Amino acid sequence: MKYLLGTVALVLSSFGAFAQTIAPLTGSVFLVTEYTRNVSLGWSDKKTWSDYTPRDVTWSRTAEGLEVFSGATASVLVDTKTYLHYPVAAGVSQLSETVSQSSTRTGNELEPGTSWKAERTYTSTPATWCHDLKNYLDSKFEVEPREQYTLKIDGKDTTLEVTPVVERGWWNRCYSGKRFTRLLVSKDLGAVVSIEHIGYNPQGQVHESSYRVNVKEIKRP
């Protein structure tokens, strides 16, 4: 009897896992996110984020493989070929002109422990603080051990396994500074669910462009 009950429980458990299979994001999807630009660094650069505010975002993917997080005041583009990301003006859904680029990444799988390098030079909008329109990024990426991430999908609390992709690199446009990014990628959704970015000025201080956005709810059409 115990064996029979155990078998039934196992079947029901397997059926439940199958019934809760999560479909990848496609088309255009409405997201509810929490967003902040308030980061403080303590001893050994420990990061603390505070003062999150809700923000509605539309997610989509371009034919070139860019993930587009489009908000009312700004958007973010994530190039999933390299995992370089670009905060841009609201409504923008394509990268600016590329001058040169290279990457050592091979394949599309994100396995913990793997790493690659990526460089890209591209044109930027004119700025009063720099006469050069060329912006250069030089970064190394590393995939960290998988972790859990909780959000709502179609109104249901859901825990996903996500893979952290960490970028440590430099930006250069007349001046130079470090950049740090940690993205959480869901294989089930086929999408990024969190972006944590800290930019540094040439003096090594945290720049005001730093931000963090976490997807808290997905509402499919």
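Attention in this report is confined to the structure presented alongside it.

Conventions and cut-offs
Residues numbered from 1 in each chain as written. Predicted model: local features only at pLDDT ≥ 70, side-chain atom pairs only at ≥ 80, totals over all residues. Heavy atoms only, no water. Helix = DSSP H or I, 4+ residues; strand = E, 2+ residues; numbered from the N terminus. Buried < 20%, exposed > 50% of the residue type's maximum accessible area, 1.4 Å probe, protein only. Contact = heavy atoms within 4.5 Å. Salt bridge = Lys/Arg side-chain N within 4 Å of Asp/Glu carboxyl O. Pairing = 2+ DSSP bridges.

## Quick word on the overall build of the chain
Of regular secondary structure, the chain possesses one helix and 15 strands. With the principal axes as the frame, the chain shows a C-alpha extent of 80 × 35 × 35 Å. Within the chain, the proportion of its 221 residues that are buried is 39%. By sequence separation, contacts in the chain at least 24 residues apart represent 50% of the contacts at least 6 residues apart.

## Some points on the pattern of salt bridges
Counted according to the given criterion, the structure contains 11 salt bridges. The salt bridge partner of Glu147 is Arg182, with a shortest N-O separation of 2.8 Å. Taken together, the residues span a long stretch of sequence, with Glu147 in strand β11 (residues 147–153) and Arg182 in strand β13 (residues 175–186) at a distance of 35 residues. Overall, the relative accessible area of 26% leaves Glu147 in the partly exposed class. In this structure, a network of salt bridges that share partners links the residues Glu111, Arg146 and Glu161.

## A short note on unusual backbone geometry
Positioned with a positive phi, Asp51 is a non-glycine residue whose angle comes to about 60 degrees. Among the secondary structure elements, Asp51 is positioned in the loop between β3 (47–50) and β4 (53–61). Residue classification places Asp51 among the exposed positions, given a relative accessible area of 56%. Phi is positive for Cys174, close to 70 degrees, though the residue is something other than glycine. Turning to its location among the elements, Cys174 is positioned in the loop between β12 (156–173) and β13. Since its relative accessible area comes to 37%, Cys174 is described here as partly exposed.

## Focus on the pairing of β4
Direction of pairing for strand β1 (residues 28–36) relative to β4: antiparallel, over a ladder of eight bridges. Pairing of Phe30 across the sheet is with Thr58, part of β4. Where β4 meets strand β5 (residues 66–70), four bridges bridge the pair, whose relative direction is antiparallel. Bridged to Trp59 within β5 is Phe69. In this antiparallel pair of consecutive strands, β4 and β5, the connection spans four residues, and Gly65 shows a positive phi of 95 degrees.

## Thoughts on the pairing of β5
Consecutive residues of a regular strand have side chains that alternate between opposite faces of the sheet. Within β5, four of the five residues are buried, which leaves it mostly tucked inside the rest of the structure. Strand direction decides the pairing type here: β5 and strand β6 (residues 74–79), joined by five bridges, are antiparallel. Among the inter-strand pairings, Phe69 is bridged to a residue of β6, identified as Val76. Connecting the antiparallel pair β5 and β6 is a turn made up of three residues.

These figures come from the coordinates and say nothing about function on their own.
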